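# Descriptive analysis of the structure
Spelled out, the chains give:
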Amino acid sequence: MNPARLMTTTEAIDPVFMFIFGACLVLLIGITAAMLYFVVRYHRSKAPEATSKAEGNLWLEIIWTVLPTMLVLAMFYYGWSGYLTLRNVPEEAMEVTATARMWSWSFSYANGVTSPKLYVPVGRPVRVNLVSQDVIHGFFLPAFRVKRDVVPGMKNHAWFVASKAGSYDLFCSQYCGTSHSAMISTVEALPEAEFAAWMEHEKSGEEQKEHPGHELLEKHGCLGCHSEDGSARVGPTLKGIWGRSVTVETNGAGRVVIADEAYLRRSILEPGADLVKGFPPIMPPFTLKDDELRAIVQYLRGLK
Amino acid sequence: MSNAQPPQASFWNDTGRSGIAAWIFSTDHKRIGLLYLYSTFGFFLTGVLLGLLLRIELIAPGRTIVGPQTYNALFTVHGVVMIFLFILPSFPGAFGNLVMPIQVGARDVAFPRLNLLSWWLYIIGAVIVLVSLFTGGGAPDTGWTFYVPFSARTGTNVSLAVFGVFIIGFSAILTGLNFITTIHRLRAPGMTWDRLPLFTWSLYATAWVQVLATPILAITLVLVMAERLLGTGLFDPARGGDPLMYQHLFWIYSHPAVYIMILPAMGVISDIIPVFSRKPIFGYKMIAFSSLAIAAAGSLVWGHHMFTSGMSDTAVLVFSFLTFIVAIPSAIKVFNWVSTLYRGSISLEAPMLFALSFILLFSIGGLSGLILGAAATDVHVHDTHFVVGHFHYVMFGGSGFAFFAAMHYWLPKFYGRRYAEKPALLAWALMFTGFNLLYFTMQVLGMKGMPRRYYDYLPEFASLNLLATVGSWILAAGLVIMLVNLFRGLRGGVPFEGNPWGGATLEWSVATPPPTENFEEEPLVTHGPYDFEGMGKP
Ligand code: HEM
Ligand SMILES: [Cu+2]
């Protein structure tokens, strides 16, 4: 079980693609060519009457039942063995936990470091444990042919190994609502030494903690929809929210309110109660503890 | 059987009621068939408009015409309309009703009033779905698959839409029961099972799927409503529920539903190809039997929609294996159709061109399905535009093109007038080109990793998306020409008389347009459906 060099997921999957594509191409060309030939050769202008009344042929039926059966069984077999590579995580794999929420990713490492991008060392297999905080998401790395759904309440995982340094796309593949297509990140594959340096840097960065309110916004995924820098996203920006006068719709009637503590709390606990004009009614209600709410409100107060 | 008895009034004239009531309360299978044709085709055009909007939005990265929430609602409504309001009800409802009773030699279906009720249930369900778009929290944004937990949390009007689909389900069940009974009980003397036209055979297989699978959809949808309205927590892991359970339930219905869409299409093709080749169908028994095999084995493969979901590897093994097994009967059909052409006398009129392009497009769809059936490769392309391309090849290139073939083949018979041939060929050429440009490109996009249901995408996908959108316009241009041509031809074209293509099934032996009672007297069937020599001989 310890091959000299680890087979990457891409190396396991691509030959299966080639095999099935090749077989399909041969079949498709065969069918098309036969049809075109018959249509031209037996066109009514050349063949005014049918010259055969054949209603079937047992041998032909047997042949074109048995041969395709053998072919698809071969496809099944290769497909299955490639899949096993995706499922058998190499023992020496490094563990990372990917947390998905509407609509952002966060990756946390064994030593507590977290990052919005998935940093990995080149050449070391990585096992990604998949955790969802809300709905089903999909962890998709096209370059590595890896995909696994991130299902709330389930312990799914995936693994891959980057054999070259570089930046690779990471998509959410399972539809998860308004900003599904913005729920993208990257895998940053760094040479081992650079990776270690990055990790060191992040660890020391952990010391100078951010405001706990900001951490909560990050943790609950609020920043997936609300920016802190004034830019418009799916939801209104949080920059300068405190004291802003907001036009909202309450039970279908428009009114203007000043964003104070009561308003902010209500907007988090019952987002449907006051809908900000110009934004879709899509924010899910959050159940937060009172001290969390207090920290968030306090943070938003200072977010100028 | 063509003889010169005094003609009966055509079903267009003969009616006790007047105005619209003569249609919407008629129990004549032909009128109900036309009602289905107009309503399902109307929804098809609605769906096409939505699809074109999707493509315009995707023409370039970033916002083009709508925002993300609107885009999500658009593809949801596009999918729901195309699946539940067009492709599932259209074949049995429209052509099944129009043609099948005549093909078996009956005066009507077994339960004409139930038939009318089916149409009404369909319309009521469709109206409820439409209402859901404009009321409550706005148009559903879940995708046509309504996956929980998202569908249980979103603020949009999912409950009402799901209720509409639930009602439409009953329409399908009743149609299925009606057709099974008709085919068993109302066949004319001499219409033995091995003389049944293959279109009717395919409807028979379809009807069983409708009757057996649709109740599962109904239950699943009720559970989604209970989840939303009563908070039952059946699918919520925080309360001991399981989101994957929903996916199993949904696909236990929705995979067999694919066969409700494709089997009748295969039936149409099996009827058209022999007529335009003047040669009996090759392998009649194999084609009829493979319909039943597909209907039965197709009920056991739903798990191939869930290879990445986290279900057990054993389940992946079994479902992948069974999926490959179901591919075989479809392949057998393709080989038999192609062999029917051999040494025939082939005429390439509009119905035949659509039928032949069905074989190609369906083959591309089916072969790309092998990529999806193999566990290793499915993981990469699952939930990408590869899948979107794949199912459009099967549902649109397959069922859709077969539907167009059926329109060009049977509608002149029922309207008594014919369309112009040249514009029909032009429309076909444009649609075939545009179609491949659109959906083949989407499959390539998926191979490159572009996920589906993506409002926005990275710049690396831009040029192929532009190409696909251009393809959608060529396709749309062909569609417009086809429609205008059919509309003008069937209303004011030259009269369509007798049996110009020389079909041997019973619908070609009745008057044009058929009389209300279909046959002057109960027919006695003396030859097989593709026995072009035996026709007319006693
Ligand atoms: C001109 C015709 C059509 C165009 C331009 C079109 C375009 C599209 C596009 C671009 C999507 C993908 C949206 C996305 O994933 O972001 C889509 C999805 C879909 N289409 Fe079509 N389509 C057309 C016709 C049809 C037909 C005839 C059918 C069925 C018979 C159909 C069934 C579906 C379904 C079921 C979906 C999936 C919706 C979902 O993800 O929930 N489409 N279509
Ligand atoms: Cu997601």
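Residues numbered from 1 in each chain as written. Chains lettered and ligands numbered in written order. Predicted model: local features only at pLDDT ≥ 70, side-chain atom pairs only at ≥ 80, totals over all residues. Heavy atoms only, no water.

### Details of the interface of chain A and chain B
Counting residues at the interface gives 77 residues for chain A, matched by 86 residues for chain B. Overall, the association of chain A and chain B removes approximately 7,100 Å² of surface from exposure, summing both partners, and the carbon and sulfur fraction of that is 70%. The tally of links between chain A and chain B comes to one salt bridge. When the shortest N-O distance is used, the salt bridge between Asp313(B) and Arg87(A) registers 3.0 Å. Where chain A packs against chain B, one counts 26 residue pairs in polar contact (both at pLDDT 80 or more). Mapped by element, the contributors of at least two residues to the side of chain A that touches chain B are helix H1 (9-41), helix H2 (58-87), strand S7 (146-150) and strand S9 (166-172) of chain A. Counting residues per element, the side of chain A that touches chain B draws most heavily on H2(A), at 16 residues. Of the residues that constitute the side of chain A that touches chain B, the class distribution is 47 nonpolar, 18 polar and twelve charged. (Contact = heavy atoms within 4.5 Å. Buried area = accessible area lost by both parts, 1.4 Å probe. Salt bridge = Lys/Arg side-chain N within 4 Å of Asp/Glu carboxyl O. Polar contact = N/O pair within 3.5 Å; in protein donor to acceptor, adjacent residues only side chain to side chain. Helix = DSSP H or I, 4+ residues; strand = E, 2+ residues; numbered from the N terminus. Nonpolar A, V, L, I, M, F, W, Y, C, P; charged D, E, K, R; others polar.)

### Considerations on the coordination of the copper ion (ligand 2)
Each angle at a metal carrying four tetrahedral donors should ideally be 109.5 degrees, and each at a metal carrying six octahedral donors should ideally be 90 or 180 degrees. All names here are of chain A. The coordination sphere of the copper ion (ligand 2), as far as protein atoms go, consists of His137 (ND1), Cys172 (SG) and Cys176 (SG), spread over 2.0 to 2.2 Å. The motif formed by the donor residues of the copper ion (ligand 2), counted along the single chain, is H-x34-C-x3-C. Residue classification places Cys176 among the buried positions, given a relative accessible area of 0%. (Donors = N, O, S within 2.8 Å, 3.2 Å for Na, K, Ca; no water. Buried < 20%, exposed > 50% of the residue type's maximum accessible area, 1.4 Å probe, protein only.)

### Overview of the coordination of the iron atom of ligand 1
Residue and element names in this part refer to chain B. Coordination of the iron atom of ligand 1 by the protein involves His78 (NE2) and His392 (NE2), with metal-donor separations of 2.0 Å. Given six donor atoms and angles of 83 to 179° at the metal, the environment of the iron atom of ligand 1 is assigned as octahedral. In this pair, His78 is assigned in helix H3 (residues 68-103) and His392 in helix H13 (residues 385-415), connecting sequence segments 314 residues apart. Classification of His78 by relative accessible area gives buried; the value is 14%. A relative accessible area of 13% means that His392 is categorised as buried. (Tetrahedral: all angles 85-135°; square planar, octahedral: opposite > 155°, others 65-115°.)

### A look at the domain arrangement of chain A
According to the domain assignment, chain A consists of domain 1 (9-47 + 56-87), domain 2 (94-204) and domain 3 (208-301). Relative to domain 3 of chain A, the C-alpha centre of domain 1 of chain A lies at a distance of 56 Å. (Domains from an automatic or database assignment.)

### Observations regarding the side chain of Ser106(A)
Residues and elements named next belong to chain A. Following the sequence through the fold, Ser106 ends up in strand S2 (residues 104-109). Among the residues examined, Ser106 registers a relative accessible area of 15% and is labelled buried. Non-local contacts of Ser106, meaning those with residues more than four positions away in its chain, are made with Thr97, Ala98, Thr99, Arg101 and Ser115.

### A word on empty space enclosed by the protein
All names here are of chain B. Inspection of the entire model under this criterion finds eight cavities of 30 Å³ or more. Its volume calculated, the largest cavity comes out at about 640 Å³. Looking at the largest cavity, it is lined by 32 residues, and the ones nearest its centre are Leu54, His78, Val388, His392 and Tyr439. Breaking the lining of the largest cavity down by element, the ones donating at least two residues are helix H2 (29-57), H3, H13, helix H14 (421-447) and helix H15 (462-492). Ranked by the residues each element gives to the lining of the largest cavity, the list is headed by H3, at eight residues. (1 Å grid on protein atoms, 1.4 Å probe; cavity = no way out; pocket = protein on both sides within 12 Å on 5 of 7 lines; lining within 4 Å. Points joined across faces, edges and corners; volume = space filled by probe spheres on them.)

### Re the packing of aromatic side chains
Each aromatic ring pair is summarised here by two numbers: the centre-to-centre distance and the angle between the ring planes. Applying the stated criterion across every chain yields a total of 81 aromatic pairs over all chains. Each ring, one from Phe19(A) and one from Tyr78(A), has its centre 5.1 Å from the other, and the planes form 70°; the classification is edge-to-face. Note that Phe19(A) is positioned in helix H1 and Tyr78(A) in helix H2, a separation of 59 residues in sequence. Taking the relative accessible area as the measure of exposure, Tyr78(A) reaches 41% and is therefore partly exposed. Each ring, one from Phe11(B) and one from Trp12(B), has its centre 5.2 Å from the other, and the planes form 40°; the classification is tilted. A residue is classified by how much of its surface remains accessible, and Phe11(B), at 0% relative accessible area, is buried. The ring of Phe140(A) has Lys147(A) lying over it, and the distance from NZ or CZ to the ring centre is 3.8 Å. Looking at Arg31(B), its charged tip hangs above the ring of Trp23(B), at a distance of 4.4 Å from the centre. (Phe/Tyr/Trp six-rings, centres within 6.5 Å; stacked < 30°, edge-to-face > 60°. Lys NZ or Arg CZ within 6 Å of the ring centre and 35° of its normal.)

### Here's the deal with the sheet that holds strand S10 (residues 185-190) of chain A
All names here are of chain A. Spatially, S4-S10-S9-S6-S7 is the arrangement adopted by the five strands of the open sheet, whose pairing is mixed. The open sheet has two edge strands with one neighbour each: strand S4 (118-121) and S7. Strand-to-strand twist of the sheet, defined as the mean angle between neighbouring strand axes without regard to direction, takes the value 20°. Where S4 and S10 come together, four bridges link them in parallel fashion. The residue of S10 that forms the bridge with Pro121 is Leu190. (Pairing = 2+ DSSP bridges. Axes fitted to C-alpha atoms, helices over the stretch in contact; angles between N-to-C directions.)

### Side note on the site of ligand 1
Residues and elements named next belong to chain B. As a matter of local geometry, ligand 1 sits amid 27 residues, with Tyr71, His78, Trp144, His392 and Arg453 nearest to it. Measuring from a nitrogen atom of ligand 1, one finds a side-chain N or O atom of His392 at 2.7 Å. Within the contact set of ligand 1, an oxygen atom lies 2.7 Å away from a backbone nitrogen or oxygen of Arg453. Contributions of two or more residues to the shell around ligand 1 are made by H2, H3, H13 and H14. Sort the elements by how many residues they give to the shell around ligand 1 and H3 lands first, with seven residues. For the shell around ligand 1, a count of residues per class yields 19 nonpolar, five polar and three charged. (Near = heavy atom within 4 Å.)

### Description of the packing of H2(B) against H15(B)
Residues and elements named next belong to chain B. The geometry of H2 relative to H15 is characterised by a closest axis approach of 9 Å and an angle of 155° between their N-to-C directions. In terms of orientation, H2 and H15 fall into the roughly antiparallel class. For the pair H2 and H15, the sense of crossing is left-handed. Mapping the contact onto sequence places Phe41, Phe44, Leu45, Val48, Leu52, Arg55 and Ile56 in H2 and Asn465, Ala468, Thr469, Ser472, Trp473, Ala476, Leu479, Met482 and Leu483 in H15. Among the residues making up the contact of H2 with H15, the classes are represented as twelve nonpolar, three polar and one charged. (Parallel < 35°, antiparallel > 145°, perpendicular 65-115°, else oblique. Left-handed = near helix turned anticlockwise from the far one by under 90°.)

### Re the sheet that holds strand S5 (residues 126-132) of chain A
Residue and element names in this part refer to chain A. Spatially, the five strands line up as an open sheet ordered S3-S2-S1-S5-S8, and their pairing is mixed. The sheet is open, and its two edges are formed by strand S3 (114-115) and strand S8 (156-160), each paired on a single side. Pairing of strand S1 (residues 94-101) with S5 involves seven bridges; the strand directions are parallel. Following the sheet pairing, Ala98 is matched in S5 by Leu130.

### Remarks on a nonpolar patch on the surface
Residues and elements named next belong to chain A. Taken together, the side chains of Leu58, Trp59, Ile62, Ile63, Val66, Leu67 and Met70 define a hydrophobic patch exposed on the protein surface, amounting to about 750 Å² of accessible area. Mapping Leu58 onto the fold places it in helix H2. Judged by relative accessible area, which is 63%, Leu58 ranks as exposed. (Patch = residues over 30% accessible without salt bridge, like charges linked within 9 Å, V, L, I, M, F, W, Y side chains within 5 Å. Areas by Shrake-Rupley, 256 points an atom, 1.4 Å probe, with all protein chains shown as cover.)

### A word on the nonpolar core
By size, the foremost hydrophobic cluster in this structure holds 261 residues, and its most contacted members are Leu118(A), Phe139(A), Phe95(B), Ile359(B) and Phe404(B). When residues in this core are grouped by element, the largest group, 21 residues, is from H3(B). Ranked by size, the runner-up nonpolar core spans 21 residues in total, among them Leu238(A), Ile296(A), Tyr299(A) and Leu300(A). (Core = buried A, V, L, I, M, F, W, Y, C linked by side-chain atoms within 4.5 Å.)

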